[in-house]
Amino acid sequence: MARVALIGGDGIGPEVIGAAAEVLAAAAAGHGLDLTLDHWDLNADRFLREGVTITDEERDRLIGDYDAALLGALGDPRVPGNEHTRDILLGLRFGADLYINFRPCKLLVPALSPLKDPDPATDVVFFRENTEGLYVGVGGSFKRGTPDEIATEQSVNTWKGVDRIVRAAFGYAAATGRERVTLVDKANVLLHEGGLWRRVFAEVGAGYPGIVRDAMYVDAMAMDLVRRPERYEVVVTSNLFGDILSDLAAQVTGGLGLAPSGNLNPGSWALFEPVHGSAPDIAGRGIANPLAAVGCVSLALEHLGQGEAAAAVDECIVASIREGVTTPDLGGRATTRAVGEWMAGRLRG
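The rules behind the values
- Residues numbered from 1 in each chain as written.
- Predicted model: local features only at pLDDT ≥ 70, side-chain atom pairs only at ≥ 80, totals over all residues.
- Heavy atoms only, no water.
- Helix = DSSP H or I, 4+ residues; strand = E, 2+ residues; numbered from the N terminus.
- Buried < 20%, exposed > 50% of the residue type's maximum accessible area, 1.4 Å probe, protein only.
- Contact = heavy atoms within 4.5 Å.
- Areas by Shrake-Rupley, 256 points an atom, 1.4 Å probe, with all protein chains shown as cover.
- Lys, Arg positive; Asp, Glu negative; His and termini not counted.
- Charge placed at Lys NZ, Arg CZ, Asp CG, Glu CD.
- Polar contact = N/O pair within 3.5 Å; in protein donor to acceptor, adjacent residues only side chain to side chain.
- Axes fitted to C-alpha atoms, helices over the stretch in contact; angles between N-to-C directions.
- Parallel < 35°, antiparallel > 145°, perpendicular 65-115°, else oblique.
- Left-handed = near helix turned anticlockwise from the far one by under 90°.
- Pairing = 2+ DSSP bridges.
- Nonpolar A, V, L, I, M, F, W, Y, C, P; charged D, E, K, R; others polar.
- Core = buried A, V, L, I, M, F, W, Y, C linked by side-chain atoms within 4.5 Å.
- Expected span 1.5 Å × (residues − 1).
- Salt bridge = Lys/Arg side-chain N within 4 Å of Asp/Glu carboxyl O.

### What about the overall build of the protein?
Piece 1. Summing up its helical and strand segments, the protein has 11 helices and 12 strands in all.
Piece 2. The 349 residues of the protein split such that 52% are buried.
Piece 3. Restricting the contact set of the protein to residue pairs at least 6 apart, pairs at least 24 apart contribute 74%.
Piece 4. Total accessible area computed for the protein in this model is approximately 15,200 Å², and 51% of it derives from carbon and sulfur atoms.
Piece 5. Charged side chains of the protein number 32 positive and 47 negative; the gap between the two group centres comes to 4 Å.

### Digging into the side chain of His-84
Piece 1. Mapped onto the elements, His-84 comes out in helix α4 (residues 83-95).
Piece 2. Of the polar contacts made by the side chain of His-84, one reaches the side chain of Asp-10; its length is 2.6 Å.
Piece 3. In this view, His-84 contacts Asp-10, Asn-43, Ala-44, Phe-47, Thr-53, Leu-74, Gly-75, Asp-76, Val-79 and Leu-89; residues no more than four positions away in its chain are not counted.

### What to know about the packing of helix α5 (residues 159-176) against helix α6 (residues 191-205)
Piece 1. Two elements in contact, α5 and α6, have axes whose closest approach is 9 Å; the angle formed by their N-to-C orientations is 45 degrees. As the angle between them shows, α5 and α6 are arranged oblique. The two elements α5 and α6 cross, and the hand of that crossing is right-handed. In this structure, α5 uses Trp-159, Val-162, Asp-163, Ile-165, Val-166, Arg-167 and Phe-170 to contact α6, whose residues at the interface are Leu-196, Trp-197, Arg-199, Val-200, Phe-201, Glu-203, Val-204 and Gly-205.

### Side note on the pairing of strand β4 (residues 100-106)
Piece 1. The element β4 is extensively covered by neighbouring structure, given that 5 of its 7 residues are classed as buried.
Piece 2. Looking at chain direction, β4 and strand β11 (residues 262-264) are connected through 3 bridges and run antiparallel. If you follow Asn-101 over to β11, its bridge partner there is Asn-263.

### With respect to the packing of helix α3 (residues 56-65) against α4
To describe two helices that pack against each other, one gives the angle between their axes and the distance between the axes.
Piece 1. Taken N-terminus to C-terminus, the directions of α3 and α4 make an angle of 50 degrees; their axes are 11 Å apart at the nearest point. With respect to α4, the element α3 is oriented oblique. Considering only the axes of α3 and α4, their crossing is right-handed. Residues Arg-59, Leu-62 and Ile-63 of α3 form the contact with α4, whose own contacting residues are Gly-91, Leu-92 and Gly-95.
Piece 2. In terms of residue class, the contact of α3 with α4 is built from 3 nonpolar, 2 polar and 1 charged.

### Looking at the sheet that holds strand β12 (residues 270-272)
Piece 1. Spatial ordering of the open sheet is given by β2-β1-β3-β12-β11-β4-β5-β10-β8-β9, a layout of 10 strands whose pairing is mixed. Either end of the sheet is taken by a strand with one partner, and the two such strands are β2 (35-40) and β9 (212-217). Ignoring which end each strand starts from, the neighbouring axes of this sheet average 20 degrees apart.
Piece 2. In this sheet, strand β5 (residues 123-129) lies alongside β4 in antiparallel orientation, the contact comprising 7 bridges. What sits directly across from Ile-100, in β5, is Glu-129.
Piece 3. Contacts from helix α1 (residues 13-30) reach β1 (2-9), β2 and β3 (68-73), with the element oriented near 160 degrees to β1.
Piece 4. Strands in contact with α5 are β4, β5, β8 (180-185), β9 and β10 (234-237); relative to β5, the strand with the most contacts, it is inclined by about 160 degrees.

### Details of the nonpolar core
Piece 1. One finds Leu-70, Phe-127, Val-166 and Val-236 to be the most contacted residues of the largest nonpolar core, which totals 68 residues.
Piece 2. Per-element accounting of this core gives the leading share, 9 residues, to α1.
Piece 3. Val-166 has contacts with Trp-197, Val-200, Phe-201, Val-204 and Val-236, leaving out every residue within four places of it along the chain.
Piece 4. Counting 17 residues, the second-largest nonpolar core is a separate cluster that includes Ala-5, Ile-7, Leu-71 and Leu-74.

### So, α1
Piece 1. With 18 residues, α1 ought to run about 26 Å at 1.5 Å a step, and its terminal C-alpha atoms sit 26 Å apart, in line with that.
Piece 2. One or two residues past the end of α1 sits Gly-32, with phi positive at roughly 70 degrees.

### Here's the deal with the pattern of salt bridges
Piece 1. Enumeration over the complete set of coordinates arrives at 25 salt bridges.
Piece 2. Taking the shortest distance from any N to any O, the salt bridge between Asp-60 and Arg-59 comes out at 3.9 Å.
Piece 3. Accessibility expressed as a relative area gives 45% for Asp-60, which makes it partly exposed.
Piece 4. Among the residues examined, Arg-59 registers a relative accessible area of 23% and is labelled partly exposed.
Piece 5. A salt bridge links Arg-178 to Asp-123, with the shortest nitrogen-to-oxygen separation between them at 3.1 Å. With a gap of 55 residues between them, Arg-178 in the loop between α5 and β8 and Asp-123 in strand β5 connect regions that are remote in the sequence.
Piece 6. Accessibility expressed as a relative area gives 14% for Arg-178, which makes it buried.
Piece 7. By relative accessible area, which is 21% here, Asp-123 ends up partly exposed.
Piece 8. Taken together, the shared-partner salt bridges connect Asp-41, Arg-46, Arg-49, Glu-50 and Glu-58 into one network.

Have a look at this one:
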């Protein structure tokens, strides 16, 4: 039996997770997966009501008692400091040591790309290091609030952290028949950080002689992802660069409304989330695109060892776009809930 926690979160999060949960339940039933879905109340409303973001006990239960979690989105203008977002999202990532941020960016329907004549074979997967870099919170301020204020942020990169994300990228490429792994850095300026990444990349890559490896500076990579995204297959990079470039690649391949992500540590609990944000300006209107959340369902099913069910969900995503059963942002007239119901019905046959 598999257990999945559903964390709607803020804004449009509960709407897209509601649709995704219906699709997940239908896919599980159609492929013989005994599945339990539990809703968790972790969001800005609770923080404003109780002053609680997430307790240590809740974090331990999520990580220890469940196989995975689906998170809708976090972020609410009523919490300008984003305390609950930081504690819940980063707390779960760091608490479970989810060092892989897995971002597949595949062009499902060429017409959705903003590029002219995009290559329909465009399919790039990002392995973003998820627990180090500039996101660890090491730094501080001196003489704050004065004209002489100094603010510092330190990028933390360990051999262990770099080694395991690079190995994950090469391992994925080998397992899925991909022929190129690209490292993205800024080694010409960030000499110490970049030097570590380059040395590890060369050492690990030497163990995969059948895979082409190359390195790109982050600014050149940003340009090339627009110019020829089809060139890239697997990209491995740091926390900050991966955060930025994976959003760019998502836009090139159809937009954030189609972009799922997984926070992974192989063999353990995993957290899946669409990357489009909470969009509070459209919350409650029934027009939020649920396809990124449904893409997370596919990733979660793969994580649970249900490859056939995941493939069926992927087929449903493409079918919904091609048949026009989409929310208005993709040119359709369906509501968030209607898209989920249509896909669930298709999976049930």
